[in-house]
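# Coordinate analysis (summary)
Read off the chains here:
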Amino acid sequence: MSSEDPTDEEVVQTASDAAEGYVFTQYKQSDVRDLDVTASFDDGMLEVDVYLNAPDGEETPNPETVADDAALAARDAVDDLFGE
């Protein structure tokens, strides 16, 4: 890691913000009953877990799919942070 690389804290914050931001592009904040984003970055390995409790109906996206896509958005945001 060079001195210009982001800190582990910056990576985790970027991943968390991106995942949460993605969820709220899919649901109104008032519709989300619970959201937990856990991100860790150790030895160059990013791990993101997203737990989402939101309505699942014909008019709303599937919460499991949104949670998976939020984790992917977090990974993409971290890739962008590293310029990859």
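Details of the structure are given in the entry above.
Now for a description of the structure that goes with this document. None of the values given here were measured: they were computed from a predicted structure.

Turning our eyes to something else, we now look at the overall build of the protein chain. Assigned secondary structure in the protein chain consists of two helices and two strands. Mapped from its N terminus to its C terminus, the protein chain presents α and β elements in the order α-β-β-α. Referenced to the eigenvectors of the C-alpha coordinate spread, the extents of the protein chain come out at roughly 50 × 20 × 20 Å. Excluding contacts between residues fewer than 6 apart, the proportion of contacts in the protein chain whose partners are at least 24 apart in sequence is 52%. Summed over all atoms, the accessible surface of the protein chain reaches about 5,600 Å², with 41% contributed by carbon and sulfur.

In the contact formed by helix H1 (residues 8-26) and helix H2 (residues 63-81), the axes pass within 8 Å of each other and the chain directions differ by 140 degrees. Classed by the angle they form, the pair H1 and H2 counts as oblique. Relative to H2, the crossing made by H1 is right-handed. Along the contact surface, H1 presents Glu10, Val11, Thr14, Ala15, Ala18, Ala19, Tyr22, Val23 and Gln26, while H2 presents Val66, Asp69, Ala70, Ala73, Ala74, Ala77, Val78 and Leu81.

Scoring rules and cut-offs
Residues numbered from 1 in each chain as written. Predicted model: local features only at pLDDT ≥ 70, side-chain atom pairs only at ≥ 80, totals over all residues. Heavy atoms only, no water. Helix = DSSP H or I, 4+ residues; strand = E, 2+ residues; numbered from the N terminus. Contact = heavy atoms within 4.5 Å. Areas by Shrake-Rupley, 256 points an atom, 1.4 Å probe, with all protein chains shown as cover. Axes fitted to C-alpha atoms, helices over the stretch in contact; angles between N-to-C directions. Parallel < 35°, antiparallel > 145°, perpendicular 65-115°, else oblique. Left-handed = near helix turned anticlockwise from the far one by under 90°.

Fair warning: the whole summary comes from geometry, so function is off the table for now.
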